[in-house]
Amino acid sequence: MTRRYEGKVAFITGAARGQGRAEAVRFAEEGADIIAIDACADFASTSYAGATEADLAETVRLVEAAGGKIAASKVDVRDFAALSAALAAGIEQFGRLDVVVANAGICSAAMSWEITAEQWQETIDVNLTGVFHTAKAAIPHLIEQGEGGAMVFISSVAGLKGIPFTGHYVATKHAITGLAKTMANELGEHKIRVNTVHPAGVATGMQMAEMGPLFEKHAATLSPIFMNALPTYLTEPEEIAAAVAWLCSDEAGQVTGAQIPVDMGNLNR
C-alpha cells in the first residue's frame, strides 16, 4: 500500500459502515489520520436499519489496526453546529485538514408521485443539506490553512441519469453534483479541488426491501435501466474507496469539477 497521505488528515461523514468505513480505512492505510462522524441512528423514511454506535466503534478499531489515529463522533450531518464542532475538535487534535469526503446518505424507494412528504424532506435534509453542511464547515479551515486540499462528494449514477423508483434520491444526487461543480470553480484559486464520485450498486447496509416488488412490476420497462455493462451487480465499498483515495491524491492534482463513475459501466448502457 502506498503512503500518499502520510501526515495528512481526512474528514469523512457516514463513516460507521459501508463506503464511509472503507474510505476511512483506506486513507488510514495510506498514512492519514481520520476525523469521522456518523448519525448512528435509524431514519424514519428508510426500510433498512441505520448504522449503530457499535458500527462506528468497529470503524475506529479498523482504522487503528491500519495504523491510523481517529477522532470519531456520533453526529448527524443535518446538525451544522454539532458537525462544525466535531470537525474543529478533530482539527485541533490532529493539527490540520487535507481531505473532505461527504459520504453520508440515505435512500428509499417509490414511484416519484408516491414519495411521501416525509420521505422527500428527510432525503433532502440528509443527502443534500448534509453535504452542504459538510462543505460549509470544512472550506474555511482549508482556505485558512492555505495549502489547498481535496473534497469529494459521494454522488451516484443517480446523480447523472434518471434512475427509476428513487426520484427524491436522484434529485439530491444531481444537486450535489451541481454544487460540486460550482464549488470547484469558486475554490480553484485556493487550490482546493472538488469532484464527485458516481457508484452504481454498492454492497453496503442500504438494502431497500421495497425495491424488489418495483423491479418485478416493471421488469420489461424500467428495471433494465439498472443493468451494467460488466457482468457484476454490486461494487465492493473498498473499490469506491480506492477511487476516492486516488481522486484526493496528488496523482489527480489537475482534476477538479469532474464526475468520476465507478459504476460497472451502468452509465454507458
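Since the structure is predicted, the reported quantities are computational estimates derived from the model, not experimental observations. (Residues numbered from 1 in each chain as written. Predicted model: local features only at pLDDT ≥ 70, side-chain atom pairs only at ≥ 80, totals over all residues. Heavy atoms only, no water.)

Participant: Go over the pairing of strand β4 (residues 99-102) with me, naming the residues and quoting the values.
Facilitator: A two-sided burial pattern is seen for β4, the buried positions comprising Val-99 and Val-101 on one face and Val-100 and Ala-102 on the other. Where strand β1 (residues 9-13) meets β4, three bridges bridge the pair, whose relative direction is parallel. Bridge pairing in β4 links Ile-12 to Val-101. In this structure, β4 lies alongside strand β5 (residues 149-154), joined through four bridges in parallel fashion. Opposite Val-101, over in β5, you have Val-152 as the bridge partner. (Buried < 20%, exposed > 50% of the residue type's maximum accessible area, 1.4 Å probe, protein only. Helix = DSSP H or I, 4+ residues; strand = E, 2+ residues; numbered from the N terminus. Pairing = 2+ DSSP bridges.)

Participant: A description of the pattern of salt bridges should follow, citing residues and the corresponding values.
Facilitator: Within the structure shown, the criterion is met by 11 salt bridges. Residue Glu-30 is joined to Arg-26 by a salt bridge in which the shortest nitrogen-to-oxygen separation is 2.9 Å. Each member of the pair, Glu-30 together with Arg-26, is buried. With a closest N to O distance of 2.8 Å, Arg-96 and Asp-98 form a salt bridge. Overall, Asp-98 belongs to the buried group, its relative accessible area being 9%. Bridged by salt links that share partners, the residues Arg-4, Arg-26, Glu-30 and Glu-251 form one connected network. (Salt bridge = Lys/Arg side-chain N within 4 Å of Asp/Glu carboxyl O.)

Participant: An account of the packing of helix α1 (residues 18-29) against helix α7 (residues 237-247) is requested, with residue identities and associated values reported.
Facilitator: Where α1 contacts α7, the axes come no closer than 8 Å and their chain directions differ by 50°. Regarding the angle of α1 to α7, the classification is oblique. Viewed along their axes, α1 and α7 form a crossing whose handedness is right-handed. Contacts between α1 and α7 pair Gly-18, Gln-19, Ala-22, Glu-23, Arg-26 and Phe-27 from the former with Pro-237, Glu-238, Ile-240, Ala-241, Ala-242, Val-244 and Ala-245 from the latter. Broken down by class, the residue content of the contact of α1 with α7 amounts to eight nonpolar, two polar and three charged. (Axes fitted to C-alpha atoms, helices over the stretch in contact; angles between N-to-C directions. Parallel < 35°, antiparallel > 145°, perpendicular 65-115°, else oblique. Left-handed = near helix turned anticlockwise from the far one by under 90°. Contact = heavy atoms within 4.5 Å. Nonpolar A, V, L, I, M, F, W, Y, C, P; charged D, E, K, R; others polar.)

Participant: Describe the sheet that holds strand β7 (residues 259-262), with residues and values.
Facilitator: What the seven strands build is an open sheet, ordered β3-β2-β1-β4-β5-β6-β7; its pairing is parallel. This sheet does not close on itself; its edge strands, each paired only once, are β3 (70-74) and β7. On average, each strand axis in the sheet is inclined to that of its neighbour by 15°, with strand direction left out of account. As defined by bridge partners, β1 adjoins strand β2 (residues 33-38) across five bridges and the pair is classed as parallel. Paired with Thr-13 across the bridge in β2 is Ile-37. Sitting on the sheet, α1 is in contact with β1, β2, β4, β5 and β6 (192-199), with an inclination near 175° to β1.

Participant: Now, about the packing of aromatic side chains: what can you tell me, with residues and values included?
Facilitator: Summed over the entire model, instances satisfying the criterion amount to four aromatic pairs. Relative to Phe-215, the ring of Phe-165 has its centre 6.0 Å away and its plane inclined at 80°; by these criteria the two rings are edge-to-face. Note that Phe-165 is positioned in the loop between β5 and α5 (167-187) and Phe-215 in helix α6 (residues 211-217), a separation of 50 residues in sequence. A relative accessible area of 23% places Phe-215 in the partly exposed class. The class of Phe-165 is buried, set by a relative accessible area of 3%. Aromatic rings pair up to connect Phe-165, Phe-215 and Phe-226 into one cluster. (Phe/Tyr/Trp six-rings, centres within 6.5 Å; stacked < 30°, edge-to-face > 60°.)

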